[in-house]
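# Fold and geometry: a report
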Amino acid sequence: MEATGVLPFVRGVDLSGNDFKGGYFPENVKAMTSLRWLKLNRTGLCYLPEELAALQKLEHLSVSHNNLTTLHGELSSLPSLRAIVARANSLKNSGVPDDIFKLDDLSVLDLSHNQLTECPRELENAKNMLVLNLGHNSIDAIPNQLFINLTDLLYLDLSENRLESLPPQMRRLVHLQTLVLNGNPLLHAQLRQLPAMTALQTLHLRNTQRTQSNLPTSLEGLSNLADVDLSCNDLTRVPECLYTLPSLRRLNLSSNQITELSLCIDQWVHVETLNLSRNQLTSLPSAICKLTKLKKLYLNSNKLDFDGLPSGIGKLASLEEFMAANNNLELIPESLCRCPKLRKLVLNKNRLVTLPEAIHFLTEIEVLDVRENPNLVMPPKPADRAAEWYNIDFSLQNQLRLAGASPATVAAAAAAGSGPKDPLARKMRLRRRKDSAQDDQAKQVSQATENVDTRAPGAKVRRWDQGLEKPRLDYSEFFTEDVGQLPGLTIWQIENFVPVLVEEAFHGKFYEADCYIVLKTFLDDSGSLNWEIYYWIGGEATLDKKACSAIHAVNLRNYLGAECRTVREEMGDESEEFLQVFDNDISYIEGGTASGFYTVEDTMYRVYGKKNIKLEPVPLKGASLDPRFVFLLDRGLDIYVWRGAQATLSSTTKARLFAEKINKNERKGKAEITLLVQGQEPPEFWEVLGGEPSEIKKHVPDDFWPPQPKLYKVGLGLGYLELPQINYKLSVEHKKRPKVELMPGMRLLQSLLDTRCVYILDCWSDVFIWLGRKSPRLVRAAALKLGQELCGMLHRPRHATVSRSLEGTEAQVFKAKFKNWDDVLTVDYTRNAEAVLQGPGLSGKVKRDAEKKDQMKAEQLMEEWNEDLDGMEGFVLEGKKFARLPEEEFGHFYTQDCYVFLCRYWVPVEYEEEEKKDEEEEKGEGKGDAAAAEVEEKQPEEDFQCIVYFWQGREASNMGWLTFTFSLQKKFESLFPGKLEVVRMTQQQENPKFLSHFKRKFIIHRGKRKVAQGALQPSLYQIRTNGSALCTRCIQINTDSSFLNSEFCFILKVPFESEDNQGIVYAWVGRASDPDEAKLAEDILNTMFDASYSKQVINEGEEPENFFWVGIGAQKPYDDDAEYMKHTRLFRCSNEKGYFAVTEKCSDFCQDDLADDDIMLLDNGQEVYMWVGTQTSQVEIKLSLKACQVYIQHMRSKEHERPRRLRLVRKGNEQHAFTRCFHAWSTFRKALA
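Conventions and cut-offs
In this numbering scheme, every chain counts its residues from 1 along its sequence in written order. In keeping with the predicted nature of the model, local features appear solely for residues at pLDDT of at least 70, side-chain atom pairs appear and are counted solely at 80 or more, and the whole-chain, interface and lining totals rest on all residues. To obtain the side-chain values, all non-hydrogen atoms of the structure were used and water was disregarded. Helix and strand definitions follow DSSP, with helices as H or I runs of at least four residues and strands as E runs of at least two, each counted in order from the N terminus. Should any heavy atoms of two residues lie within 4.5 Å, those residues are considered in contact. Residue types Ala, Val, Leu, Ile, Met, Phe, Trp, Tyr and Cys, when buried and joined through side-chain atoms within 4.5 Å, form a set referred to as a nonpolar core. Classification of residues uses two cut-offs on accessible area relative to the type maximum, computed with a 1.4 Å probe and protein chains only: under 20% is buried, over 50% is exposed, and between them is partly exposed. Read the arc as the range of directions from the helix axis to the C-beta atoms. Two strands are counted as paired when DSSP detects at least two bridges linking them. Where helices are involved, their axes are fitted lines through C-alpha atoms of the stretch in contact, as for all axes, and angles between N-to-C directions lie from 0 to 180°. Each residue carries a pLDDT score, the predictor's own confidence in it, on a scale running from 0 to 100.

### Side note on the overall build of the protein chain
Of the regular secondary structure elements, the protein chain holds 23 helices and 51 strands. Partitioning the contacts of the protein chain with sequence separation of at least 6, the portion at a separation of at least 24 is 59%.

What follows is the structure, encoded as structure tokens:
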């Protein structure tokens, strides 16, 4: 293929993952004369290609994970080469050329994981070397002259070799920051060179036969050394030299023979991690209590007993992990339970008899491992008697009773406090308020018109259309917010029916086959912004471009609110005003972009894949057919679905649905889809394939799998192009790269595509160029040429094509390459054709309309209640006082806290003589407005009411309510006398009006407010709507993947220990979840969680294993439907009123509605559970059992297709099918006083 002239401008390209075995390497690489970096990892290379000789500007070459046995070739002729990465190959001594070390700029050399037995010859000539990695080889000696010249080294890795000594010249490495010598037999090496390496920060000497005698006596000069690893050695005590390290933060001394620690360890004031596992320690010195910054202390597999742990260990205020498994501990010091941040306590395989009672006060503990302690008896939890001291009834009727009031007065007070409210009164007040507001506006308008002199000279008559309200249209998809806000020129080009911004360098240059929109922004005489809008029509432009340019020119005028006309300009007949915009300097260019209307070449695909459908292009001939597969032949307005004799019905159905999507999304529904069966093909089908073959044979291998797609991101700079590969193993980028075994499988996600960029997707048999809506024009042009080069550069089948996709108009074949992008819907095989044709009937339509009406009613209520809200202030209990809650924390609640919200509402005044006034107005219409105005002046039009909502978490004590009644409530009553109402609520039993103020963003966290923010453990939240949309909550549940459900949305928060990037938050969207809830989950993710967290919305099945499944605690089976939500009902059976009654709870019920002294009936559509509390009487049990039988018989006659079964459940023994009907099921709480 002829070069397009773009290759000489490519500065970097990543060709990793391609197959270059057998000596095949693209010759076009020679044309990349400006190449600076080149990656050829995992390409199967056996030797370096000759084409590298032409890359005279190459600086970085990576050829890792190949089959290279030699690096001989053209490397020495590359004068600018700086880095050679050749790890994980089969290089031997003779395979490393000497002349590459004469390169002046060579600074990085990685030859690890090879077969070297000696240090490469002439390596000492690489004087500018900064990074040297020779680890995991078989090198037995380092020549003395190596470090004479290599004095600028920053990183040196010689691990896992056979070194017995180190050259004394290593003391010259005064700039070295990292030294790794793990796994070398350095028994006789004294390491006297270490004190001279003053810049050293990391020193790893694991398994290097270290003893007391072969370590330096002092390392006092290493002031920057922070990480030391001396594990798996023969040390009998802590080397003295370690006590002199002032910056030590991490020390690993595990797997040694250390018997005791010196009192000098108190000098490690900055140590955060100390690993002393697998030693011979019998006790710890009291000086360890002075390590105030210690976070992790590991003491596993020693000989520690109770006396061996210092009693003052509780002074370690920063301690988070304490592990002392496999020791001789009978007890642990009580002070250890006073460490406030302790999260992990591992004491398994000891001799524990009991634990201190204070173990129950470890509020942050997450892991408590006491397994294999056969004599252990857990201590009883201390009784909380504080609540008994405050168990006082402060109700009005009780206080009146204590004061000696008459029973009638007490009863009247009780009735006044619990009187029923008229639900229609509020609606009537709202309606009256709106009507009165409209009347007031009408009166003001009439008074204003009377005072205006309509005969004033020069007054303009208002046009009839200026009073019309413009419809609300959203043009943000086409035009940015700042368009037309600054004086200047802006031009758009029509591509695929939408306007695309044109670079300033192309202003005045018009393609003959394109159409443009030109916006001129200027300041008029008064200094206000004004606009001129033109749309230019090319002489060769297609009909779709002409129409869209006119339409979007009008859209732009509406978007700006401009009053100017849109002016049509045709090629060769431009007006003088238009030419003046470009200073009479315009030029025409032949060609243009393709039409937005579909133009399809005949293409045939083989359909395969079980879960997700995949399409593989095949040659357009009869020999491509295989009887085991389904094939799709696309001819534009004719689409054929060919089914082989041995193809499955599922594949045929999915291919047919895929063809339907192509027809709907790409052919405007005008294509005809024909289903063909092998042996019954029409003649026109074989004409397209060049004739019918004599026999259709099996030719596709059973283990066929297409090459892994490669996603390139096109980068454009000043005079250069770059083509790096996107590592889509991870759908988000992290500061800390996870372990390889935790990475998920390779997958392509739609979220990887950025609207500001251009990507090339190389699928071997197809090359797609994806253009983001906001990508620059120059990048697009470069990508189109690079895509053609990439297609011709690598070995591909003859039917391979290059296609272009604009964001928002992607072809179905392109979408099929991505996971869960516009998936084909699942097929219901349980219904026959007659049932499908009949439709759901009128009853189904009525049911859907009712559900839609309920949703609209909830939204209307939410809107009305928030209209009334004049202001809201929040308070939270901190200690013994209520502190003001910041507004950014509104909507966040914690289970161990109490909150107070003061809400001020606008209410219309209801006058006693309202009806009389209405009658007078009807009778005396002729009276003037003066009397009405006087009445309005005397009486205010509006008033206000204050409601105090008190919210108490499930795990909060009654102290919050008592504190409120004695402090805030009295203050509020003095501020708003006679206008204050107090509403007390507990968690998940909130007032709907209160919930409406948070607009469905109501999050309940576990724990306490300020303490919970410091936790570094993953937390899982479930978003669930109970009945009405008003009752939507996002509640933290146990972090366990078995609680996931395909019909709900969940949020997983995974915090890191990094300071700059605090973690990542996932919004997990179930495949069957409601679209509104999915949108709400994304909204909660973006607005209610810390901005410092990375955020990502993932669909079910796209979870990144590296953090999602690890953060949630391994992947477990979970429910894939929530059908029970449509049928769940909760009833209460009680005889507390003197007679037995069964009453239904509202749809927004929770676990706390299960009354301990009653019987509860739960219907989930399949079973009816009879839940028995611990304080239930035998009479209630018998009567409730009869009520259950009556209810089951009634439901059997009403819903005969869903017969119920009766099950008995006792409190504390609920099964999963029962608990899942309740949002955020947890342990039962104690009854509140």
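More follows now that the structure is in view.
### Here we look at the nonpolar core
Grouped together as the largest cluster of nonpolar side chains are 136 residues, with contacts concentrated most on L38, L156, L179, L242, W268, F322 and L347. Residue contributions to this core peak at seven residues, all from helix α10 (residues 777-793). Listed in part, the 51 residues of the second largest apolar core include M985, I1112, F1222 and A1224.

### Description of helix α17 (residues 968-975)
Burial in α17 covers these residues: L968, Q969 and F972. Projection of α17 onto a plane perpendicular to its axis shows the buried side chains occupying an angular sector of 95°, all on one side.

### Concerning the sheet that holds strand β29 (residues 710-713)
Two pairing modes exist for strands in a sheet, parallel and antiparallel, and in both the strands are linked by backbone hydrogen bonds. With mixed pairing, the four strands of this open sheet are ordered in space as β29-β32-β33-β34. The sheet terminates laterally at β29 and β34 (801-806), the two strands that pair on one side only. Direction aside, the axes of adjacent strands within the sheet are offset by 20° on average. Two strands pair when backbone bridges link them, and strand β32 (residues 758-762) and strand β33 (residues 766-771) are joined in this way by five bridges, in the antiparallel orientation. Bridging across to β33, V758 finds its partner in L771. Set on the sheet, α10 makes contact with β29, β32, β33 and β34; between it and β32 the angle comes to about 15°.

### A closer look at unusual backbone geometry
A positive phi angle is found at H136, which is not glycine, with a value near 60°. Inspection of the secondary structure assignment puts H136 in the loop between β6 (131-133) and α1 (146-149). For R1000, which is not glycine, the phi dihedral falls at a positive 70°. On the basis of relative accessible area, R1000 is assigned to the buried category, the value being 16%.

### Concerning the environment of L1052
The topology assignment puts L1052 in strand β44 (residues 1049-1055). The class of L1052 is buried, set by a relative accessible area of 1%. Between the C-alpha atom of L1052 and that of W1068, which follows or precedes it by 16 residues, the distance is 7.5 Å. Setting aside residues no more than four positions away along its own chain, L1052 makes contact with P1018, S1019, L1020, T1039, I1064, V1065, Y1066, F1108 and I1112.

### Looking at the confidence of the model for the protein chain
This prediction gives the protein chain a mean pLDDT of 81; 82% of its residues lie at or above 70. Segment residues 385-391: pLDDT under 50, and three contacts once partners within four positions in sequence are set aside and those in other chains are kept. Low pLDDT, under 50, characterises residues 911-941; the predicted model gives this stretch 14 contacts beyond four residues in sequence or across chains.

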